[in-house]
Amino acid sequence: MTLNIDDPDWYPIASSTDLPFRHVFHGQLLGREFAVWRADDGNVNVWENRCLHRGVRLSIGINEGAELKCQYHGWRYANRSAGCTYIPAHPADAPARRITNRTYPCREAHGLIWASNNQTAPFVDILAAPTHSWLALRPMPVNAEPDAVMAALLAWPNAGAVSQYGLTVTTDPARPVHVFVQPVDAARSVIRGLVDAPKAEAAALLSQFNSRFSAERDQLERAAARRPAPPALEPGFEKVSAELSTMPEIAIGRGVTINVRIARKWLVAEDVTGVELAPLSGHLPTFQPGAHIDLHLPNGMVRQYSVTNGPGELLSYIIGVKREPASRGGSLCLLDIVREGDLLAMSEPRNNFPLRRDSTKTILIAAGIGITPLLSMATALAKSDLPFQLHYFSRSEKHLAFADQLAKFGVSFMPHLGLSRDAIARTIATTLDGYEFSQHVYVCGPAGLLELVRSIAAGFGWPEEAVHFEYFKNDRVIDDSSSFEIVLSRSALTLQVPAGKTILQTMRDNGVQVPSSCEQGACGTCLTSVIEGVPDHQDVYLNETERAGNSCMMTCVSRAKSARLVLDI
Ligand code: FES
């Protein structure tokens, strides 16, 4: 039989016991190498065994429980999706969502890890009797062709083939033995097996089959050494993905790309509801700590919510929704109208509040619903054993959202309950006193808290690039009375922005598609480089140095002080 690198069959490539938590196993199948690892949630990942950066084997990487970290330059990849979550050379940026390693389908069944080189073949469980208590036999590597190994095993008494490289041996009908040949490559195989064994007999059976497999290996290798080496496996050509072959339009702006089901709604604090968004199939896209999604509500409104999940938790996203008495209808619709089981649309996650992981100490400061992005950050830092403090200002204990998860951070979690504004300022001052190089502070909450932290941090000598913040909304009154000209240098267009219209609207009216999210100068999605002219900054996203530099602006709210702006669009 000719071995085919894209053989759609499923083969065992490891035993479950090869994958203790926080370990990475080097798997091989049909000439391909895999990094095989179990995440802390139990999910087994089978990935191409190379880091996308320099091709270093990920099987020598570090399993951080929810992400796999390459040993060489520290790129991290998320459980389930293999999407890149962190690039140390760009610590302040969120990696592009499309930087994703290749994954292979896998299943864990009967004490073995099964994988297939083919992305579409369904897994068929050939061991039909679920009542057996299978014991995985010690695998036996053999330097011989898979066909030769299979032929030798089929010569055993009472052996019968059950699949291309699987057979059953029934010397004792009450205790069937399944033996499989894992085709490593053209000239190497691994014999694996399962036996129905009560615990008391396990050691004896393991020893018995080990001797039998060893004897078979010795004979097979002697015979193989007398034959010419078989030709190496022909590498298969990568199939063009459905995504690429259909060339979908890249969703920009408030693009609706994913349908999700409301899996659960529950109270996580006095005035905050947790909402779990589940995919209709498979898993949700990779996100990085600090990311948010645009949720499209049945009343036509679009609202941004931070993803609270830890890294690699892609089976659903959990968001927190605060009941705001002064709500314009967005959150109230989600709280009062939308029910469990309803379907909604959401955007891909975007991250304008990325977390650095090269900080010697990370301070997270939240108030109210501002805990949501910081909960995700704290989970990522805790998983990687990086030092952090999470300060959470709240009216009372019952107003602490997601308190159960926060409690897991132990002494790193510092709730501050019922403090006056002066006491909050004193607590923040104590926290930020004594800045040292390579420390970073992240703050999310009401505008008053953000202003307070930014001014106290500046007073203690924290550089602006070490103070990271995310506003929920822009409370400033926008002055849109100016009229000016914009030159879009890449698009070769000159447009007039009239009073009452934003730069963003003017560009869209003229067919120029540009991304946006909050459209109130808070999220940073519409950030645009300015080549010439003086912007009139009206956002809350940029820091003072960025504003003074006049080299970028938010086109959704900011305008021009000069008669003309030249933009890099
Ligand atoms: Fe959010 Fe412009 S779209 S800042």
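The structure presented is a predicted model; accordingly, all values stated were derived computationally and were not measured. (Residues numbered from 1 in each chain as written. Predicted model: local features only at pLDDT ≥ 70, side-chain atom pairs only at ≥ 80, totals over all residues. Heavy atoms only, no water.)

What to know about the sheet that holds strand E5 (residues 62-63)
Threshold: In this scheme, strands are said to pair when DSSP sees at least two bridges between them. Put simply, DSSP marks the helices as runs of H or I at least four residues long and the strands as runs of E at least two long, and each gets a number from the N terminus on.
The four strands lie next to each other as E5-E6-E7-E8, forming an open sheet whose pairing is antiparallel. Both outer strands of the open sheet, E5 and strand E8 (84-86), are each paired with one neighbouring strand and no more. Two strands pair when backbone bridges link them, and E5 and strand E6 (residues 67-69) are joined in this way by two bridges, in the antiparallel orientation. Pairing of Ile62 across the sheet is with Lys69, part of E6.

Description of the pattern of salt bridges
Proximity of charged atoms lets side chains of opposite charge pair with each other. We apply this condition: Any Lys or Arg side-chain nitrogen located within 4 Å of an Asp or Glu carboxyl oxygen qualifies as a salt bridge. A simple rule labels every residue: compare its accessible area, found with a 1.4 Å probe on the protein chains alone, to the largest value its type can have, and call it buried under 20%, exposed over 50%, or partly exposed in between.
Counted under the stated rule, the structure contains 22 salt bridges. The salt bridge partner of Asp40 is Arg22, with a shortest N-O separation of 2.7 Å. Note that Asp40 is positioned in the loop between strand E3 (32-38) and strand E4 (44-48) and Arg22 in the loop between strand E1 (10-15) and strand E2 (24-29), a separation of 18 residues in sequence. Residue Asp40 is classed as partly exposed on the basis of its relative accessible area, which comes to 30%.

A look at the environment of Leu277
Cut-off, in case you're wondering: When checking whether two residues touch, look at their non-hydrogen atoms; a contact exists if any pair is within 4.5 Å.
Residue placement: Leu277 occurs in strand E18 (residues 272-279). Through-space distance from the C-alpha of Leu277 to that of Gln219 is 56 Å; in sequence the pair is 58 residues apart. Apart from the residues within four sequence positions on either side, Leu277 is in contact with Val260, Arg261, Ile262, Leu284, Ile293, Leu295, Ser316, Tyr317, Ile319 and Met346.

Considerations on unusual backbone geometry
A negative phi angle characterises most non-glycine residues, just as the trans form characterises most peptide bonds. A positive phi angle is found at His110, which is not glycine, with a value near 60 degrees. By the element assignment, His110 lies in the loop between strand E9 (106-109) and strand E10 (112-116). Despite not being glycine, Ser438 has its phi angle at roughly 75 degrees, a positive value. Within the secondary structure, Ser438 is located in the loop between helix H7 (421-432) and strand E26 (439-445).

Observations concerning the sheet that holds strand E20 (residues 302-306)
Using the following cut-off: Helix axes are fitted to C-alpha atoms over the stretch in contact, other axes to C-alpha atoms as well, and angles between N-to-C directions run from 0 to 180 degrees.
Strand order in the open sheet formed by six strands is E20-E19-E22-E17-E18-E21, and the pairing between neighbours is antiparallel. A single partner strand is all that each edge strand has here, and the edge strands are E20 and strand E21 (317-322). Direction aside, neighbouring strands of the sheet carry axes that sit 45 degrees apart on average. Pairing geometry for strand E17 (residues 258-269) and E18, over eight bridges, is antiparallel. When the bridges of E18 are listed, Ala269 appears paired with Val272.

Some points on the nonpolar core
To keep it simple, the criterion reads: Here, nonpolar core refers to any group of buried Ala, Val, Leu, Ile, Met, Phe, Trp, Tyr and Cys residues whose side-chain atoms link them within 4.5 Å.
In terms of nonpolar packing, the biggest core is built from 42 residues, with Ile13, Val36 and Val179 touching the most fellow members. Residue contributions to this core peak at six residues, all from helix H2 (residues 202-225). Look past the residues within four positions of Val179 in its chain and what remains in contact with it is Leu153, Trp156, Tyr165, Gly166, Leu167, Val169, Ile191, Arg192, Gly193 and Phe213.

Digging into the side chain of Ser359
Keep this limit in mind: Distance and chemistry together define a polar contact, namely a pair of N or O atoms within 3.5 Å, with one atom able to donate a hydrogen and the other to accept it when in protein, and with adjacent residues in sequence counting only for side-chain atoms on both sides.
Here Ser359 is to be found in the loop between strand E22 (343-346) and strand E23 (361-367). A relative accessible area of 8% means that Ser359 is categorised as buried. For Ser359, the side chain forms a polar contact with the side chain of Thr362, separated by 3.5 Å. Of note is the side chain of Ser359, whose polar atom sits 3.2 Å from the backbone oxygen of Ser438. Contacts of Ser359, omitting those with residues within four sequence positions, involve Ser438, Gln439 and His440.

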